[in-house]
There are 2 protein chains.
Amino acid sequence: MTDRYASFVQSGAGRTLVKRLGLPDPPRLRRHRPGDPLLPGPALLGAATGGRLAEPVGRILAFAGVEVRDPLTVDADTRFGALVYDATGVTDSTGLRQLYDFLHPHARSVLPSGRVIVLGTPPAECGSPREATAQRALEGLTRSIGKEFGRGVTAQLVYVTKETGNASDGPDLSAGTLTSLDSTLRFLLSGRSAYVSGQVVRVGAGHAQAPADWDRPLDGQVALVTGAARGIGAALARVLARDGAQVVALDVPAAGDALAAVANEIGGSAVQLDLTTPEAPARLAEHLASRHGRVDVVVHNAGITRDKTLGRMDADRWDSVIDVNLSSQERINDVLLERKLIPAGGRIVAVSSIAGIAGNRGQTNYATSKAGVIGLVDSLAPVLRERQISVNAVAPGFIETRMTARIPLMVREAGRRMNSMSQGGLPVDVAETIGWLAWPASGAVSGNVVRVCGQSLLGA
Amino acid sequence: MTDRYASFVQSGAGRTLVKRLGLPDPPRLRRHRPGDPLLPGPALLGAATGGRLAEPVGRILAFAGVEVRDPLTVDADTRFGALVYDATGVTDSTGLRQLYDFLHPHARSVLPSGRVIVLGTPPAECGSPREATAQRALEGLTRSIGKEFGRGVTAQLVYVTKETGNASDGPDLSAGTLTSLDSTLRFLLSGRSAYVSGQVVRVGAGHAQAPADWDRPLDGQVALVTGAARGIGAALARVLARDGAQVVALDVPAAGDALAAVANEIGGSAVQLDLTTPEAPARLAEHLASRHGRVDVVVHNAGITRDKTLGRMDADRWDSVIDVNLSSQERINDVLLERKLIPAGGRIVAVSSIAGIAGNRGQTNYATSKAGVIGLVDSLAPVLRERQISVNAVAPGFIETRMTARIPLMVREAGRRMNSMSQGGLPVDVAETIGWLAWPASGAVSGNVVRVCGQSLLGA
């Protein structure tokens, strides 16, 4: 479960050797600790002519305690915690030059684990094919930056809907943008997003509720976590509890002891239940109704693998993986939604996988189930929008868990290093990403599938 | 430009050595020659209960000379050229089991360079979240099969709109489906799609015109190819001419001799023009108008690379790459469309790149331009639908050209082998894919970005 090579490289003797031999050089990633500032240095904030987001973003950053600098007045040798650019003013491909002009002089001035964030307009909302083309082009830029900058620097593209919040429309609407974009900017700038890079995040027009304390963004929320006894689920239970949630930790009876230990550690409750049984959804609903009267956050994390090539796979391997990883999620959602146990402001977060995006040898069953999870997000998000419930997924890449520790050494090393961070992620990285999607402040983020993969080379 | 390792492996002595040492084993791919049958063996055709496509697909296959077998009556030791499955009847995740039941017994009976094609309904058109989820799950299955089956077998998912052609709606509508799906099935089954795998193709409701002779699918069409002097462009000019088109081969004046040689070889005409000059679009339009009165097929293939990391990239590298690869395409499209030189039934095909999908180190300019090409397709396709003009892109992966021959050996070898075919593609593979999109028979295929990458691991 530990990456000994990375520990070695990050030691003094290791550093020297790695540099001399030109070996992979996994940086120590900046990870969130409560009370940390959002960034390790100032943010440089620029905008293309006519952009609609620079002003509200400047206010969000300043309110979050970030020191904001202007490209026109900045010192040539300043080093930055983040480069943030409002590209919503780019209306055709020649206008993309403005991003070059902003980024080129400062490309080598980003601090380790710094951030590059480009804000754009969703191409489908653009007024002309030329504008849509230029806005879509931004994705090639940010993904390349993620691969190029190294040293734990991440790069993201955030498409912000035009529907609410145009700074020029007056104070109320711009306040709307502030609220809807705030949680996403804070997540992407902070150490919470240590292992998230090369992503496209879409911020829509949903209702977002800012917390009283951004170090307790889940205060008072009731959160269900399935598969909570170990690995990503246990890390998730801890993160949600740290951020203020009352956690209902669920796992199969066979994992009862580990589950109880997690629940006790975080002051949550434990539920032993096999979710694949026909009566499970109703029993779970009754438990949540009687103990809490509701569940604000539902995280479908429970999942299994039963790998075999398709020709050698028995039917039970197919059925059990599809049922645990996909069908049981659908049954539970249906019962919780029918019984109105997920209130307005509710959040559903499902765990997909990069195997569900890219496919994988020996995992026809697993990849089918995890691609289905993406379909679940895509299809439920619009349906639940009017009930103010968001639905999103995370897609982990190589995460250091008991599951990946069993992979043969050479395959494991390839999986670990073939990403922009040259290392595997930790369960906490997935947990922090799910946490962000679960916040009451993230109501404008729905229908997203966010990879937590260090920008793994594995794609589609 | 040649993959000596693959040639060695495909020789008798090489085969033995590779098997003994467990080295990568690139198969010899089946490629199209005029007059070839579509498949090297019979097709097994199955369908989920209630599927709407099995019947028209069966007729398409039979009409195309494919021997179609039924899973209920087939011999256990039959080997297949293709497994084709109509999954449109799958309405929830438990129904996915039907795909397992169809594929499992025959997974090891697919001939080398055989085909697996799954047909589904676009998730956005599905009647319920459950159905949309299951239809989306198919993508994880086909991508995994592409990675798993090996030996040059490809796997694709084809989403077919419900808008036209439901077999149960009577002969006229089902004939509609036949026509719209025919070109895509023929391409995917044939050796033309040798290096296309793990793709999702969307077949819509556009008007499709079947050719008199499927070995001359471009008969009588006027086709413009930019960057035609060498590499992919030259291969493309040859393929389009072989398939019946009158080819207008265009390149910069500096490549005049090579361009003339290509044009002479195929009986086409040569145009020397630098597309980045302000007067180029009008001059091109005038040339096409005076010589041909129209242009049925426009292929934007001309492209350049000027690699540098962003901090070291001078402005000219940025500007020239964006201009050649993206802005000049936009200017040409606009002039040709304004002057109505592209008639109903016209085709625009642009060359993107997997770098435009995944980003690439040292290619912020190139990846931005190629992501923009995807934006161009996405945004123009709906606008041009009413004029019956389709717009699509191909995204090549590692293709054996002069450009890739200059990549350092170890990086080149990694690029070549990190895909489901364990080899680079040939320029003709990209050309055949563009050819399919250019056919009058492919009018229902618009807004697609099809990778020609052997299912490269590089993704997003």
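Residues numbered from 1 in each chain as written. Chains lettered and ligands numbered in written order. Predicted model: local features only at pLDDT ≥ 70, side-chain atom pairs only at ≥ 80, totals over all residues. Heavy atoms only, no water.

Draft legend 1. Structural context of the relation of the copies chain B and chain A. For the pair chain B and chain A, the superposition axis carries a translation of 0.0 Å, the fit reaches an RMSD of 0.0 Å, and the rotation angle comes to 180°. Both copies are brought into coincidence by an operation consistent with a two-fold rotation axis. When each C-alpha of chain B is compared by its distance to the rotation axis, Gly459 of chain B comes out closest, at 1.6 Å. In this assembly the copies share their binding face: 99% of the residues contributing to the interface of chain B also contribute to that of chain A. (Least-squares fit on C-alpha atoms with pLDDT ≥ 70 in both. Contact = heavy atoms within 4.5 Å.)

Draft legend 2. Spatial organisation of the interface of chain B and chain A. In this assembly, 68 residues from chain B lie in contact with 67 residues from chain A. Approximately 5,500 Å² of surface area, both sides summed, lies buried where chain B meets chain A, with 57% of it carried by carbon and sulfur atoms. Area buried by chain B at its contact with chain A is led by Tyr100, Glu148 and Leu310 of chain B, which between them contribute 12% of it. Run the count over chain B and chain A and you get six salt bridges. (Buried area = accessible area lost by both parts, 1.4 Å probe. Salt bridge = Lys/Arg side-chain N within 4 Å of Asp/Glu carboxyl O.)

Draft legend 3. Summary view of the environment of Thr2 of chain B. All names here are of chain B. As for its placement among the helices and strands, Thr2 is situated in the segment before α1 (4–9). Of the residues examined, Thr2 reaches a relative accessible area of 55% and is grouped as exposed. Separated by 398 residues in sequence, Thr2 and Glu400 have C-alpha atoms that sit 6.9 Å apart. (Helix = DSSP H or I, 4+ residues; strand = E, 2+ residues; numbered from the N terminus. Buried < 20%, exposed > 50% of the residue type's maximum accessible area, 1.4 Å probe, protein only.)

Draft legend 4. Quick peek at the packing of aromatic side chains. Residues and elements named next belong to chain A. One pass over the structure, following the stated rule, counts eight aromatic pairs over all chains. With 4.4 Å between their ring centres and 5° between their planes, Phe187 and Trp436 make a pair best called stacked. Taken together, the residues span a long stretch of sequence, with Phe187 in helix α6 (residues 171–189) and Trp436 in helix α15 (residues 427–438) at a distance of 249 residues. Aromatic pair Trp214 and Trp439: ring centres 5.9 Å apart, planes at 70°, arrangement edge-to-face. Of this pair, Trp214 sits in the loop between β6 (199–203) and β7 (222–226) while Trp439 sits in the loop between α15 and β13 (449–452), and the two are 225 residues apart along the sequence. (Phe/Tyr/Trp six-rings, centres within 6.5 Å; stacked < 30°, edge-to-face > 60°.)

Draft legend 5. Focus on the packing of helix α12 (residues 364–385) of chain A against helix α5 (residues 129–149) of chain B. Direction vectors running N to C along α12 of chain A and α5 of chain B enclose 150°, while the axes themselves pass 6 Å from each other. Helix-helix and strand crossings are classified by hand; for α12 of chain A and α5 of chain B the assignment is right-handed. Contacts between α12 of chain A and α5 of chain B involve Thr364, Ala367, Thr368, Ala371, Gly372, Ile374, Gly375, Leu376, Asp378, Ser379, Leu380 and Val383 of chain A on the former and, on the latter, Pro129, Ala132, Thr133, Arg136, Ala137, Gly140, Leu141, Ser144, Ile145 and Glu148 of chain B. For the contact of α12 of chain A with α5 of chain B, the per-class residue count stands at eleven nonpolar, eight polar and three charged. (Axes fitted to C-alpha atoms, helices over the stretch in contact; angles between N-to-C directions. Left-handed = near helix turned anticlockwise from the far one by under 90°. Nonpolar A, V, L, I, M, F, W, Y, C, P; charged D, E, K, R; others polar.)

Draft legend 6. Main features of the sheet that holds strand β9 (residues 269–272) of chain A. All names here are of chain A. Taken together, seven strands build an open sheet; the order of strands is β9-β8-β7-β10-β11-β12-β13 and the sheet is parallel. Edge positions in the sheet fall to β9 and β13, since each of these pairs with one other strand and no more. Neighbour-to-neighbour, the strand axes of the sheet open up by a mean angle of 20°, direction not taken into account. In terms of strand pairing, strand β10 (residues 297–300) meets strand β11 (residues 347–351) through four bridges, oriented parallel. From the neighbouring strand, Val298 faces β11, where its bridge partner is Ile348. Strands in contact with helix α7 (residues 231–242) are β7, β8 (246–251), β10 and β12 (390–396); relative to β7, the strand with the most contacts, it is inclined by about 170°. (Pairing = 2+ DSSP bridges.)

Draft legend 7. Spatial organisation of unusual backbone geometry. The phi angle at Gln455 of chain A is positive, at roughly 60°, despite the residue not being glycine. As for its placement among the helices and strands, Gln455 of chain A is situated in the segment after β13.

Draft legend 8. Molecular detail of the pairing of β8 of chain A. Residue and element names in this part refer to chain A. The buried fraction of β8 amounts to five of the six residues, a majority that puts the element mostly inside the structure. Bridge analysis of β7 against β8 gives five bridges, and the strand direction is parallel. By the bridge assignment, Val222 is partnered in β8 with Gln246. The handedness of the β7 to β8 crossover, carried by α7, is right-handed. Bridge count for β8 against β9 is four bridges, and the pairing is parallel. Note that in β9 the partner of Val248 across the bridge is Ser269. The handedness of the β8 to β9 crossover, carried by helix α8 (residues 256–266), is right-handed. (Right-handed = clockwise from strand over helix to strand, strands pointing away.)

Draft legend 9. Quick peek at the side chain of Ser109 of chain A. Residue and element names in this part refer to chain A. Topologically, Ser109 is positioned in the loop between α4 (97–103) and β4 (110–120). By relative accessible area, which is 10% here, Ser109 ends up buried. Setting aside chain neighbours within four positions, we find Ser109 in contact with Thr78, Arg79 and Phe80.

Draft legend 10. View of the confidence of the model for chain A. Chain-level pLDDT for chain A is 93 on average; 96% of the residues reach the 70-or-more range. Under the prediction, the complex receives an ipTM of 0.94, its pTM being 0.94. (pLDDT = per-residue confidence, 0-100.)

Draft legend 11. Inspection of the sheet that holds strand β3 (residues 80–86) of chain A at higher detail. Residue and element names in this part refer to chain A. Read from one edge to the other, the open sheet built from six strands follows the order β2-β1-β3-β4-β5-β6, with strand pairing classed as parallel. Across the chains shown, the open sheet's two edge strands, defined by having one partner strand only, are β2 (68–69) and β6. Two strands pair when backbone bridges link them, and β4 and strand β5 (residues 154–160) are joined in this way by six bridges, in the parallel orientation. Counted as the bridge partner of Val116 is Ala155 from β5. Across the sheet, helix α5 (residues 129–149) lies against β4, β5 and β6, angled at about 160° from β5, the strand it touches most.

Draft legend 12. A look at helix α12 (residues 364–385) of chain B. End to end, α12 of chain B covers 32 Å across 22 residues, agreeing with the expected 32 Å (1.5 Å per residue, within 8%). Counted residue by residue, α12 of chain B has 18 buried out of 22 residues, so it is predominantly covered. (Expected span 1.5 Å × (residues − 1).)

Draft legend 13. How the structure looks around the pattern of salt bridges. Under the criterion given, the structure shown has 50 salt bridges over all chains. Across the pair Glu67 of chain B and Arg69 of chain B runs a salt bridge, and its minimum N-O distance is 2.5 Å. Residue class for Arg69 of chain B comes out partly exposed when judged on its relative accessible area of 29%. The partner of Arg242 of chain B in a salt bridge is Asp243 of chain B, with the nearest N and O atoms 3.0 Å apart. Take Arg242 of chain B: its relative accessible area is 25%, and that puts it in the partly exposed class. It is possible to trace a salt-bridge network through shared partners that takes in Arg192, Arg242, Asp243 and Glu432 of chain A.

Draft legend 14. Representation of a nonpolar patch on the surface. Together, Phe8, Leu17, Leu21 and Leu23 of chain A make up a nonpolar patch on the protein surface, roughly 360 Å² of accessible area in all. Inspection of the secondary structure puts Leu23 of chain A in the loop between α2 (12–21) and β1 (43–47). (Patch = residues over 30% accessible without salt bridge, like charges linked within 9 Å, V, L, I, M, F, W, Y side chains within 5 Å. Areas by Shrake-Rupley, 256 points an atom, 1.4 Å probe, with all protein chains shown as cover.)

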